[in-house]
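# Structural overview
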Amino acid sequence: MKSVSNLVLVMTKMRRLIPPELRGDALCREIMEYVADETIFKPVQNSSGGKFTLHRVASMECSLTDSSQKAIILAGESKLEAITLRGGEYERKVKFKMSQYAKASHSSNDGQLVLLSIKDSLHLSCSEEGDIVILKLKKCRKEDLSETDLECFLFYKKTTGISHTTFESFKYRDWYISTSFEDKDKEVVMCQKSPSRNTCFTER
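What you see is a predicted model, and the numbers here were worked out from it, not measured in a lab.

Another point: empty space enclosed by the protein. Enumeration according to the criterion identifies two cavities of 30 Å³ or more in this entry. Of the volumes computed, that of the largest cavity is approximately 60 Å³. Along its surface, the largest cavity is lined by Leu64, Ile72, Leu80, Phe96, Leu116, Leu124, Phe167, Ile177, Val188 and Phe201. Here the residues of the lining of the largest cavity are counted per class, giving 10 nonpolar, no polar and no charged.

Here you go:
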């Protein structure tokens, strides 16, 4: 019964992402891409010294486009960029695997806790260097994340309106994944909210 409830929840959230022409076995396979294989409990120690437990509740695949319609791509092995794609380039979009986590006593106002991965081995993470927060791609096995500082890999995903989604660092509050409004500045970085940086994305 719990599995059925999870499936209904995921289908409700992901309906717009599943091609309407799919039927039968093809539809089932597509649905299962968004459903977590298992629930994993992870004890995590936060930056204030307290501990809490996370469990993965669902996963999905998506690409991200910023408010200027620039797509997120992988440049090299460990760098993300936002560029305007031309005809025939759409396969360059990064397909993120977005794993959703639940946390006890978590405020729904913060958004949904997520882990953003590429090919199951590259994961977006944050670290502090001086007075700024740096966005990095770290390579490790997902099953080993509980043995590292998982806080660094988590983001609060919050959607307002129809499709304005922000990703705020779980460990470094008020720091967001962002892109530039200028085409020449392609790098995807962390920033504090500012009118000079775009922090809103659309999932596709």
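Moving on from the coordinates now.
Bringing the pairing of strand β11 (residues 164-169) into the picture now. The buried fraction of β11 is high, at five of six residues. The pairing of strand β10 (residues 154-160) with β11 spans six bridges and is antiparallel. Its bridge partner lying in β11, Thr160 is registered against His164. Taking the residues that link successive antiparallel strands as the turn, the β10-β11 hairpin has three residues, and the phi of Gly161 there is positive, at about 65°.

Summarising the element assignment, Gln100 is placed in strand β6 (residues 96-103). Separated by 55 residues in the primary sequence, Gln100 and Phe155 place their C-alpha atoms 9.7 Å from one another.

It is worth spelling out unusual backbone geometry at this point. Positive phi outside glycine occurs at Gln69, with the angle close to 65°. Positionally, Gln69 belongs in the loop between β3 (64-66) and β4 (71-75). The phi dihedral of Asp174 falls on the positive side, at around 70°, and the residue is not glycine. Along the polypeptide, Asp174 turns up in the loop between β11 and β12 (176-180).

On to the packing of aromatic side chains. Taken as a whole and assessed by the stated rule, the structure comprises two aromatic pairs. On the basis of an interplanar angle of 55° and a centroid distance of 6.3 Å, the ring pair of Phe167 and Phe201 is categorised as tilted. With a gap of 34 residues between them, Phe167 in strand β11 and Phe201 in strand β15 (residues 201-203) connect regions that are remote in the sequence. The class of Phe167 is buried, set by a relative accessible area of 0%. Of the residues examined, Phe201 reaches a relative accessible area of 2% and is grouped as buried. Over the ring of Tyr176 we find Lys193; its NZ or CZ atom is 5.0 Å from the centre of that ring.

Conventions we followed
Residues numbered from 1 in each chain as written. Predicted model: local features only at pLDDT ≥ 70, side-chain atom pairs only at ≥ 80, totals over all residues. Heavy atoms only, no water. 1 Å grid on protein atoms, 1.4 Å probe; cavity = no way out; pocket = protein on both sides within 12 Å on 5 of 7 lines; lining within 4 Å. Points joined across faces, edges and corners; volume = space filled by probe spheres on them. Nonpolar A, V, L, I, M, F, W, Y, C, P; charged D, E, K, R; others polar. Buried < 20%, exposed > 50% of the residue type's maximum accessible area, 1.4 Å probe, protein only. Helix = DSSP H or I, 4+ residues; strand = E, 2+ residues; numbered from the N terminus. Pairing = 2+ DSSP bridges. Phe/Tyr/Trp six-rings, centres within 6.5 Å; stacked < 30°, edge-to-face > 60°. Lys NZ or Arg CZ within 6 Å of the ring centre and 35° of its normal.

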